[in-house]
Structure formats: C-alpha cells, structure tokens
Amino acid sequence: GKGGYDHFMLKEIHEQPTSIAQALEGRVDPGAGEIALEGFEPGTFADVDHVQLVACGTSYHAAMYGAFALRQAGIHATTVLANEYSVAAPPIDEDTLVIAVTQSGETADTLNALRRATAGGARTLALTNVVGSTAARQADDALFIRAGPEIGVAATKTFSSQVVMLVLLAQRITEDRLGDPAADPDTLLPALSQTPGAIDDLLESSRAAAIADRFEDSQSYFFIGRGLGYPVALEGALKFKEITYEHAEGFASGELKHGPLALVTADTPVFAVFVGDEDEKTLKNAAEAQTRGAPVVAVCPEGHRATEVADAHLEIPDTDPDVAGLLANVQLQLVSYHAAAQLDRPIDKPRNLAKSVTVE
Ligand code: F6R
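The residue numbers shown here count from 1 along each chain, following its written sequence. Selection of residues for local features in this predicted model requires a pLDDT of at least 70, selection of side-chain atom pairs for listing and counting requires 80 or more, and totals for whole chains, interfaces and linings are taken over all residues. With hydrogens and water excluded, all non-hydrogen atoms of the structure serve as input to the side-chain values.

Looking at an unreviewed UniProt entry, the chain carries the name Glutamine--fructose-6-phosphate aminotransferase [isomerizing], with the source organism given as Natrarchaeobaculum aegyptiacum. UniProt positions are given in the numbering used here, feature names are shortened, and annotations may be inferred rather than shown by experiment. Reading the Subcellular location (unreviewed entry) entry of the UniProt record for the chain gives the comment "Cytoplasm". What UniProt states about the chain under its Subunit (unreviewed entry) heading is, verbatim, "Homodimer."

(A) How the structure looks around the sheet that holds strand S12 (residues 312-316). A sheet is described by the order of its strands in space; here five strands give the open sequence S9-S8-S10-S11-S12, paired in parallel fashion. Two strands bound the open sheet, and with one partner strand each, they are strand S9 (247-252) and S12. Taken pair by pair, the neighbouring strands of this sheet meet at an average axis angle of 20°, ignoring direction. Taken together, the four bridges between strand S10 (residues 270-273) and strand S11 (residues 296-301) define a ladder with parallel strand orientation. For Val273, the partnering residue across the bridge sits in S11 and is Val299. Between any two strands, at least two bridges found by DSSP are needed for them to pair. Helix and strand assignments follow DSSP, with helices taken as H or I runs no shorter than four residues and strands as E runs no shorter than two, numbered in order from the N terminus. All axes here are fitted lines through C-alpha atoms, helices being fitted over the stretch that makes contact, and every angle between N-to-C directions spans 0 to 180 degrees.

(B) Seen up close, the environment of Glu308. Among the secondary structure elements, Glu308 is positioned in helix H12 (residues 306-309). Whether a residue is buried, partly exposed or exposed follows from its accessible area with a 1.4 Å probe, protein chains only, as a fraction of its type maximum: under 20%, in between, or over 50%, in that order. Under the relative-accessibility criterion, Glu308 is labelled exposed at 58%.

(C) Local environment of the side chain of Ser133. Following the sequence through the fold, Ser133 ends up in the loop between strand S6 (123-128) and helix H6 (134-138). Residue class for Ser133 comes out buried when judged on its relative accessible area of 1%. Polar contacts, as counted here, are pairs of nitrogen or oxygen atoms within 3.5 Å of one another; within protein the pair requires one atom able to donate a hydrogen and one able to accept it, and residues that are adjacent in sequence qualify only if both atoms are side-chain atoms. One polar contact links the side chain of Ser133 to the main-chain carbonyl oxygen of Val130, over a distance of 2.8 Å. The contact criterion used is simple: two residues touch if any of their non-hydrogen atoms lie within 4.5 Å. With residues up to four places along the chain from it excluded, the contact list for Ser133 reads Ser104, Gly105, Glu106 and Thr128.

(D) A look at the site of the ligand. In the region of the ligand, 13 residues are neighbours, and Ser59, Thr102, Gln103, Ser104 and Thr107 sit closest. Residue Thr107 places a side-chain N or O atom 2.5 Å away from an oxygen atom belonging to the ligand. Between the ligand and the protein, one listed contact pairs an oxygen atom with a backbone N or O atom of Ala155 at 3.0 Å. Within the residue set of the shell around the ligand, elements represented by two or more residues are helix H3 (57-72) and helix H10 (229-244). No other element matches the three residues that H3 contributes to the shell around the ligand. Residue polarity is assigned by list, with Asp, Glu, Lys and Arg as charged and Ala, Val, Leu, Ile, Met, Phe, Trp, Tyr, Cys and Pro as nonpolar; anything else, Gly included, falls into the polar class. Across the shell around the ligand, the residue classes break down as four nonpolar, seven polar and two charged. Neighbouring residues are identified by heavy atoms, a residue being near a molecule or strand if any of them is within 4 Å of it.

(E) Spotlight on the sheet that holds strand S7 (residues 141-144). The strand order S4-S3-S5-S6-S7 describes an open sheet built from five strands, whose pairing is parallel. Of all strands in the sheet, those bounded by a partner on one side alone are strand S4 (77-81) and S7. Along the sheet, successive strands turn relative to each other by an average axial angle of 20°, direction set aside. Note that S6 and S7 share four bridges and pair parallel.

See the structure below:
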C-alpha cells in the first residue's frame, strides 16, 4: 500500500533515507575510510582506460552525475543516451568499461547498448535495482542499488541510489586506475553516511509545497545548474514535465545565454541549483534571468549567497560537494510532486508513460 501517503511517489520520496542506507550497508566504512563493493575487489578496474555510461531518462541523469564525478577525478568518462548508442558509439576496446544504468534492468534501448558494447569487446557492468533482470544477466558484472520496489512511474528513490552507487564506483575506479580515490574518503564517506539523516531533515523542513503553490500559474518552468548541478537541473525538469504536464526544461547554467534566454519572461520561474561548482557563475546566469523579470528560486545550502539575491529559496543541509546534488534533487522532487498534486494529476501513472520501456 501507500503507507498513509496520497501517492506512491510521495511515499518513495520519503523512503529515500532508508533506501540510501540500504545502498550503503556494508559498502562504506567511514571509520576506516574504506569502501567495499561486492564482486569488485580493489584493483579490479586497474586496466580501465575509458568509462562509457549508457542509460535513458532519469537513469541517464544519474549516469551524467557519475561521469562528471569521474571526469573531475581525471578519468576519461563519457555518457551516451542508450538509444543513440547504436547510431554512433564512441570507440570501444577491451580497456573500455561500459556501465549500463537501468533501474528496471529491462529497458530495451539500454539492453541494446549493452549488447553492442559486448560485441565491441568492452567490459560491461549493469547498475540496476532488479536482481535477475535482463541487464544483470546480460552484463559481465552487476551491482545492485537495493532501492526496493518503485511503483510510481516517475523514478525518485532509484535515482538517489543510482547516484550514491556511482559516486562509490567513481571512488573505486579512480583509486584502481590512478592510485588515489576520486574524493577524499575522510570527507566523502561520512557525508554519504549522513545523507539519510540529512534527507530526513530536508523532508521535514521543506517549503517546496509553498513554492509550487506560489508559481502555479506560470507558463514554463526552467531549471539550471552547473557541474553536478547540471544533471540535477535536467532531472528536475524531467520530473516536472512528466507529472505536472507543464512545460519544463533543464539547462546547463552557462547555456541560458546561448539561446534559451529568449524564452525567459516574468511567467517563467527559474530554479537554480547551487552545489558548489562555480556557483558565482550560476549566480550571474540567474541574475540575467531575473533582469528579464523571471522569478529565481535558488536551491542551495543555508546561508548561501544565492539566498540574498533569489526571489525564493529551498535549503539543503550542508554536505560534501559530491552529495549536495542528491539533496538538491530531493527538493526538486518535492516541488514537482506538490505542483502536480495541486493540478490534481494522476501522479503515479502519468499519461502516455510506462514504468518499464521494453520497446525501441
Ligand atoms: C522518469 C523515468 C524514466 C526512466 C527510463 C529508464 O521518471 O522513470 O525516464 O528513468 O525509462 O528506465 P530504467 O532505469 O528502468 O532503464
């Protein structure tokens, strides 16, 4: 059942502290500064020269998050939409690791990409929620996100767990390949362990419903972010359009001025995500939207400079930069949920969409 919530989506948003704790269980030891990924001993990725992440939709945004963490650490990592992979995959060889990110493990586009990767001689890994799924069986290795069943068509808790697992994978791959983990374990691992508590606090104090209410009559909703905030902006917009049926788009903050700014008016609120990746630049980009009359909602840590200039803000608990995007995403999940609830949309089963897309 829905456990007292009006929708599975809201229930699943509230399950994130638990599902993230499950993902971390036995895999992270903050005291020792160590991670353990079952099936992936230290050194297993020593030969990996290039990581390609393939996925669709929300899982693609998680893949972008992982690729960004890898690239920031100096690993050659690219993301390709699984449905574009067959048209033009980047070159692959036996030193390529192809990670298929798929909650269901049954997405036809992603399975096709996996097949191509195998045919090209790459090593493959399925990051999935479903033990025994086709992706888990088809790939050389599988790693499970342990989010528990997700009923709402709009992915929420599985995205968070994918991100957590990709951050851990980035640690292992980088350490194996370059000798040092992507992020300092002494700061990252405690931050990850504290994420369930941080999300609990956020869920309790969120003002997302009031924000959704305030901007209910808008024409379009824009989401901008930079660095790890960019996939969060894309995900915020995808969730919003999926369940509210309102027009929403996500952009890299720096891209606003290269075209989308033409759409910005007083009727297009801009949600700006601040996760510590060149926030000053995103502040300028947001100010450009404000100059065109757009209300700006900053999603940022408490006391961040953005709170002084934005028209409204949603706070996230202070944390490690690799985890901040995860928290910002939870605020945006709540904004979408409450906006859709106000419009009385069928939140758990949006029109035209299916939970598992088994056609190309
Ligand atoms: C959006 C959503 C979809 C899926 C996509 C991939 O909320 O759920 O965009 O993320 O269809 O699905 P999986 O992860 O099962 O491959």
